[in-house]
Amino acid sequence: MRPEISEDLRYRGLLRAQDALLALGVTGWQDAMVGAEAVGIADPMTAYERALAEGTLQVHVTGAQWWVRDRGIEQVAHMVAERARVAALGRPERLEIGTTKIMVDGVAENQTAAMLTPYRDACGHDTHNSGLSFIAPDKLREYVTALDAAGQQVHMHALGDRAVREALDALEAARATNGAADGRHHLAHLQIVAEADVPRFAALDAVANLQALWATYEDQLDELTLPFLQDGQAARHYPFGDFVRAGVKLAAGSDWPVSSANPIEAIHVAVNRTYPGSTREPLAGAHQRLDLATALAAYTSGSAYVNHRDHDTGSIRPGYRADLVVLDPSPFDLAADDIFQSRVTQTWIDGRQVYAADIA
């Protein structure tokens, strides 16, 4: 049996995680699993609120309240009430929970990512499985429209191309019912995106939330995913370049602790579409690479934008909070193949140094 986690251990875990992320230059994050017990993990809100009360929460946290998929639209009112309760604590620069996280589908490795075409079996034959839509498309449209009307940002896990389409359809329904609003709704992961759906992001003002570390050939993709997909679908993986050419707003994150939280490692992959030392060709082609400035912007100003923090952070401007990270060497002074060698030497929040690397 899994041992019980005490409130004190959860709190100390938060502070240790904060220290680890500050050392990677992360000055704020969106926590996509708050407000309900999700996949057996207890709600972390009590730890966040304790850290806020005790003055130990140094970063800005946007909490995304977890949408329980076997419940219904009654969750909207509860989430709005929780948003107001946390807002009443009076520290929005440190903690707010105006976002809702919806799992639209699963993952490709176990063939639960929702696809427009069927998965193949180990012999290359089509199966009757095209993945799972965890929420029926008509219900997804209803829920997203209600959340948008209530002023709640929607953060959708959409990994397969059918899930991406269903998520965009839901945003389209919300726009048709509610009109344009500053929701900054975003779709995360975007492993496979149909070419026809790329321009819909910009048309619907949907942000592409990238996990760039994954956009490379590696063992998990090569062995557990690509052999079971249709011909041509490798070319539709993580179409970052297509998004840029279509004028789509980009944000970026890690999905930590699923994979490394190190932004420099992810930026290296975004620019190269290969991991350090790889001899493989770029995943989906060189045209899906990002230039270094665009990749860095996705992890800074783009993430500030998607978290409604672009008014005071994410850029270096007069009047903004001095949330700063010092990198050495500068990634702009390195060859593209060597970007991963850049290291965080200092992290500053509100003009106060919160991390300094030990430099021999």
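Residues numbered from 1 in each chain as written. Predicted model: local features only at pLDDT ≥ 70, side-chain atom pairs only at ≥ 80, totals over all residues. Heavy atoms only, no water.

**Q** Sorry, what's going on with the pairing of strand β1 (residues 28–34) here?
**A** Most of β1 is tucked away, with five of its seven residues classed as buried. Relative to strand β2 (residues 60–66), β1 is paired through five bridges, and the arrangement is parallel. Bridged to Gln30 within β2 is Thr62. (Buried < 20%, exposed > 50% of the residue type's maximum accessible area, 1.4 Å probe, protein only. Helix = DSSP H or I, 4+ residues; strand = E, 2+ residues; numbered from the N terminus. Pairing = 2+ DSSP bridges.)

**Q** What is the right way to read the side chain of Asp161 from this model?
**A** Here Asp161 shows up in helix α5 (residues 161–178). Lacking a salt bridge, the buried Asp161 has Arg162 as its closest oppositely charged neighbour, with an N-O distance of 6.8 Å. A polar contact is formed between the side chain of Asp161 and the backbone nitrogen of Leu116, at a distance of 2.7 Å. With sequence-adjacent residues up to four places away left out, Asp161 is seen in contact with Ala114, Met115, Leu116, Ile192, Val193, Ala194, Asp197 and Gln233. (Lys, Arg positive; Asp, Glu negative; His and termini not counted. Salt bridge = Lys/Arg side-chain N within 4 Å of Asp/Glu carboxyl O. Polar contact = N/O pair within 3.5 Å; in protein donor to acceptor, adjacent residues only side chain to side chain. Contact = heavy atoms within 4.5 Å.)

**Q** Help me understand the pattern of salt bridges in this model?
**A** One side chain can pair with another of opposite charge once the charged atoms of both are near each other. Tallied over the entire structure, the rule returns 26 salt bridges. Across the salt bridge formed by Arg12 and Asp8, the nearest N and O atoms sit 3.0 Å from each other. Taken together, the residues Arg12 and Asp8, both in helix α1 (residues 7–22) and four residues apart, mark about one turn of the helix. Assessed through its relative accessible area of 48%, Arg12 is described here as partly exposed. Here Asp197 ties to Arg200 by a salt bridge, and the two come within 3.2 Å at their closest N and O atoms. Each member of the pair, Asp197 as well as Arg200, carries the same accessibility label: buried. One salt-bridge network, in which partners are shared between bridges, spans Arg94, Arg309, Asp312, Arg321 and Asp350.

**Q** Mind showing me how you'd approach the packing of aromatic side chains here?
**A** Aromatic rings in a pair are described by how distant their centres are and how their planes are angled relative to each other. Tallied over the full model, the rule gives three aromatic pairs. Measuring from ring centre to ring centre gives 6.2 Å for Tyr238 and Phe240, while their planes differ by 55 degrees; the resulting arrangement is tilted. By relative accessible area, Tyr238 is classed as buried at 4%. The ring centre of Phe134 lies 3.9 Å from the NZ or CZ of Arg69, which sits over that ring. (Phe/Tyr/Trp six-rings, centres within 6.5 Å; stacked < 30°, edge-to-face > 60°. Lys NZ or Arg CZ within 6 Å of the ring centre and 35° of its normal.)

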